[in-house]
Amino acid sequence: IVVIGDGQNIEAVQRLLDDPEIGPQIVFVPEEAVWNGGDMTLGVMSNVFIGNPASSFSGFIAKSRLALGKGHNYLFRARDNDGKWQTVCGDSCVFDKA
């Protein structure tokens, strides 16, 4: 699992690192290798992309993945009453104008 981002949500990354199953699998791109084009390419070409629906960066990656025929985009997720994650809006939501 590779984490890309702008560092604005350190708490979310820390929760992932603290998870006993996910934490050991997380790697970060070395700081000296980070650049927007590389991060976007990594997101676009990944097997699965989990992004923030409020982020234009995530939206661009999801739209690019859809244009290339890639699935497994997870932007619009929420927990239900049982605490399970559910998709609340499909891939077409990345094209909605809000």
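Please read these numbers as outputs of a predicted model, since none were measured by experiment.

Conventions we followed
- Residues numbered from 1 in each chain as written.
- Predicted model: local features only at pLDDT ≥ 70, side-chain atom pairs only at ≥ 80, totals over all residues.
- Heavy atoms only, no water.
- Patch = residues over 30% accessible without salt bridge, like charges linked within 9 Å, V, L, I, M, F, W, Y side chains within 5 Å.
- Areas by Shrake-Rupley, 256 points an atom, 1.4 Å probe, with all protein chains shown as cover.
- Salt bridge = Lys/Arg side-chain N within 4 Å of Asp/Glu carboxyl O.
- Helix = DSSP H or I, 4+ residues; strand = E, 2+ residues; numbered from the N terminus.
- Polar contact = N/O pair within 3.5 Å; in protein donor to acceptor, adjacent residues only side chain to side chain.
- Buried < 20%, exposed > 50% of the residue type's maximum accessible area, 1.4 Å probe, protein only.
- Arc of directions from axis to C-beta.
- Contact = heavy atoms within 4.5 Å.

**As for a nonpolar patch on the surface**
- On the surface, Ile 1, Leu 16 and Ile 22 cluster together into a nonpolar patch covering about 230 Å² of accessible area.
- Mapped onto the secondary structure, Ile 1 falls in the segment before β1 (2-3).

**Here we look at the side chain of Arg 65**
- Of note, Arg 65 is situated in helix α3 (residues 56-67).
- A polar side-chain atom of Arg 65 sits 3.1 Å from the main-chain carbonyl oxygen of Val 44.

**Quick notes on helix α2 (residues 36-45)**
- Regarding α2, the residues found buried are Asp 39, Gly 43 and Val 44. Buried residues in α2, looked at end-on, bunch into an arc of 130 degrees, giving them a common side.
- Check the buried side of α2 and you find it contacts β3 (49-50) and α3.

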